[in-house]
Amino acid sequence: MAMDKFWKGFKSGTDIRGVAVDGVEGEPLNLTDEVVGRMAKAFLQWLSQRTGKNPAGLKVAVGHDSRISADRIRSAVVNAMVECGARVLDCGLSSTPSMFMITLDRQLDGSVQITASHHPYHRNGLKFFTPAGGLDGCDIEAILGFCDSGDLPASEKGGSAEKIDYMKDYAAHLRDIICKGINSDHYDRPLEGLHIVVDAGNGAGGFYAYDVLKPLGADISGSVFLEPDGMFPNHIPNPEDKKAMESICHAVLQSHADLGVIFDTDVDRGGAVDDSGAEINRNRLVALASAIALENCPGGTVVTDSTTSAGLRKFIEGSLGGVHYRYRRGYRNVINRAIELNREGIDCPLAIETSGHAAMRDNYFLDDGAYLVTMIIIKMAQLRARGESLSMLTAALEDPLEECELRFRITAEDFREYGQQVLADLEEYAKAREDWIIADDNREGIRVSFEDEQGWFLLRLSVHDPIMPLNLESMKEGGCRAIAEKLYAFLKGCPYLDITAIERMIG
């Protein structure tokens, strides 16, 4: 039986997301207390089937980011679980990665993080973990299926809720990693003499400045937007956002800091800025993380999303001696593929998306912005002790001269079928042209290179939406436009694809 459209609409990849604050035109409130309570009970039902335990015997943690709807939703989740007899650890303001770590540290059956990542203030959602890691899309479908069918745990006595501050434990865990990693003469204060500024974007990441860096001796003066504010009044907490990156770059230059770090709302993504104010983001962040991960894993494989640059592959395979494995967009896709490769006997220490989701094997393949930044800070301190800098690690990375992304809306009723047909037709079209070089690792969409334009395009189908994103990159001035003109000759024959964006580009 098909799931009701109402419940199906909450699925967003591997998360549940919806509208949590009323008053935004065109977006009616749907994450009501009743709906959220039903979702919490459905998670207990899913956990019960997975563990073989009675729902009343389950132990679960609940945390949240800084959104204005967080406390209301937290209450709904906690009360629903207690009503079913579960034991709940109410963690308050927390990072998403900490809600995974607590399942291991406290031997819990699962956890819930209330977050909608970098989405606007009026939205919120639920993210779930077990000690095995984050849930996949099929698990979210199963939970929403329980909501739809009403197959939920019965009320039971004996449930409890205990308020705890697990972030103190998690911060201590990160401090311990830094102390061991740097292993300096001043073991307990290894960051003395380093000036590091943090931009938390008024999300949950302010703890990193106060509870990780400062106790280890770092100068955190000049840090900005550390206090939680669910209206996000200064900028979107998102390392991919232009205004957010301008903010941390400005903070570094204003305070003459050695490093700047920035987090998204729930701290599962991070970015950085060097002492010159230059961004360590997207391809350069992937390059830096790869250099760190491959240092003790020679010849290892790095799994990335499909949109990474040509220069990045050259850097990973040429400069680092590793293997670059491009895979599908979606951080869970990238992480799951890295886990699979390791199971197949392929040495893979890192899975990372250009969005800033980075998961290292040494950290349970958990996408954790604070852990990534911690690894960067350790490496910076080690290099500084030798009179070297972070920028030296990625000096060989070639940045494209031009890059852009265009998005084409599919107007066909069955957008997925039509999008797949466009990709199949484009592949045949490319094969018939001598100067179109089809990538040998197309695992999402079709990627084609052009020697004359010193660049490439990637056309793919969005995972959830009726959209076909097109990424273009070139090392040559005017190269992206020239590649777009070549592709336009094909695209103008696709009647159910709105290609206005490329028509504007080529004039």
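Not measured: the values here are computed from a predicted model.

### Here's the deal with the overall build of the chain
Phase 1 of the analysis: If you tally the helices and strands in the chain, you get 15 helices and 23 strands.
Phase 2 of the analysis: Relative to the compact-globule value of 23 Å for 507 residues, the chain shows a C-alpha radius of gyration of 23 Å, a close match.
Phase 3 of the analysis: A principal-axis box enclosing the C-alpha atoms of the chain has dimensions of 70 × 65 × 50 Å.
Phase 4 of the analysis: Split into buried and exposed, the 507 residues of the chain put 57% on the buried side.

### A look at the sheet that holds strand 15 (residues 350-352)
The pairing of strands in a sheet happens through backbone hydrogen bonds and is either parallel or antiparallel.
Phase 1 of the analysis: The strand order across the open sheet built from five strands is 14-13-15-16-17, with neighbouring strands paired in mixed fashion. Looking at which strands have only one partner, the edges of the open sheet turn out to be strand 14 (323-326) and strand 17 (366-367).
Phase 2 of the analysis: Summarising the sheet, strand 13 (residues 301-304) and strand 14 pair through four bridges and their orientation is parallel. Each residue of the ladder has a partner; that of Val302, found in strand 14, is His324.
Phase 3 of the analysis: Each of strand 13, strand 14, strand 15, strand 16 (358-360) and strand 17 touches helix 11 (residues 331-343); the most contacted strand, strand 13, lies at about 155° to it.

### Quick look at the sheet that holds strand 11 (residues 270-274)
Phase 1 of the analysis: Strands sit in the order 9-10-11-12 across an open sheet of four strands; the sheet is mixed. Taken across any chain shown, the strands that pair with only one partner, and hence form the sheet edges, are strand 9 (196-199) and strand 12 (279-280).
Phase 2 of the analysis: Sheet analysis places strand 9 next to strand 10 (residues 259-263), joined by four bridges and oriented parallel. Bridge pairing in strand 10 places Val197 opposite Gly260.
Phase 3 of the analysis: Sitting on the sheet, helix 8 (residues 242-255) touches strand 9, strand 10, strand 11 and strand 12, and the angle it makes with strand 9 is about 155°.

### Observations concerning the packing of aromatic side chains
Phase 1 of the analysis: Per the stated rule, a full pass over the model turns up 17 aromatic pairs.
Phase 2 of the analysis: Relative to Tyr496, the ring of Tyr418 has its centre 5.5 Å away and its plane inclined at 90°; by these criteria the two rings are edge-to-face. Taken together, the positions of Tyr418 in helix 13 (residues 415-431) and Tyr496 in the loop between helix 14 (479-491) and strand 23 (497-498) put the pair 78 residues apart, joining distant regions of the chain.
Phase 3 of the analysis: Assessed through its relative accessible area of 44%, Tyr496 is described here as partly exposed.

### Describing unusual backbone geometry
Phase 1 of the analysis: Phi at Ser117 takes a positive value of approximately 55°, unusual for a residue other than glycine.
Phase 2 of the analysis: By the element assignment, Ser117 lies in the loop between strand 5 (110-114) and strand 6 (123-130).
Phase 3 of the analysis: Judged by its relative accessible area of 7%, Ser117 falls in the buried class.
Phase 4 of the analysis: One non-glycine residue, Phe365, lies in positive phi territory at about 50°.
Phase 5 of the analysis: Looking at Phe365, the relative accessible area reads 8%, which means it is buried.

### Quick look at the packing of helix 2 (residues 33-51) against helix 3 (residues 70-83)
Phase 1 of the analysis: For the pair helix 2 and helix 3, interaxial distance at closest approach is 8 Å and the crossing angle is 45°. Between helix 2 and helix 3, the angle falls in the class oblique. Pair helix 2 / helix 3 crosses with right-handed handedness. Two secondary-structure elements touch here, helix 2 through Asp33, Val36, Gly37, Ala40, Lys41, Phe43 and Leu44 and helix 3 through Arg72, Ile73, Ala76, Val77, Ala80, Met81 and Glu83.
Phase 2 of the analysis: In terms of residue class, the contact of helix 2 with helix 3 is made up of nine nonpolar, one polar and four charged.

Rules used throughout
- Residues numbered from 1 in each chain as written.
- Predicted model: local features only at pLDDT ≥ 70, side-chain atom pairs only at ≥ 80, totals over all residues.
- Heavy atoms only, no water.
- Helix = DSSP H or I, 4+ residues; strand = E, 2+ residues; numbered from the N terminus.
- Rg over C-alpha atoms; globule rule 2.2 N^0.38 Å.
- Buried < 20%, exposed > 50% of the residue type's maximum accessible area, 1.4 Å probe, protein only.
- Pairing = 2+ DSSP bridges.
- Contact = heavy atoms within 4.5 Å.
- Axes fitted to C-alpha atoms, helices over the stretch in contact; angles between N-to-C directions.
- Phe/Tyr/Trp six-rings, centres within 6.5 Å; stacked < 30°, edge-to-face > 60°.
- Parallel < 35°, antiparallel > 145°, perpendicular 65-115°, else oblique.
- Left-handed = near helix turned anticlockwise from the far one by under 90°.
- Nonpolar A, V, L, I, M, F, W, Y, C, P; charged D, E, K, R; others polar.

So, to be careful, I would describe these as geometric facts and stop short of saying anything about function.
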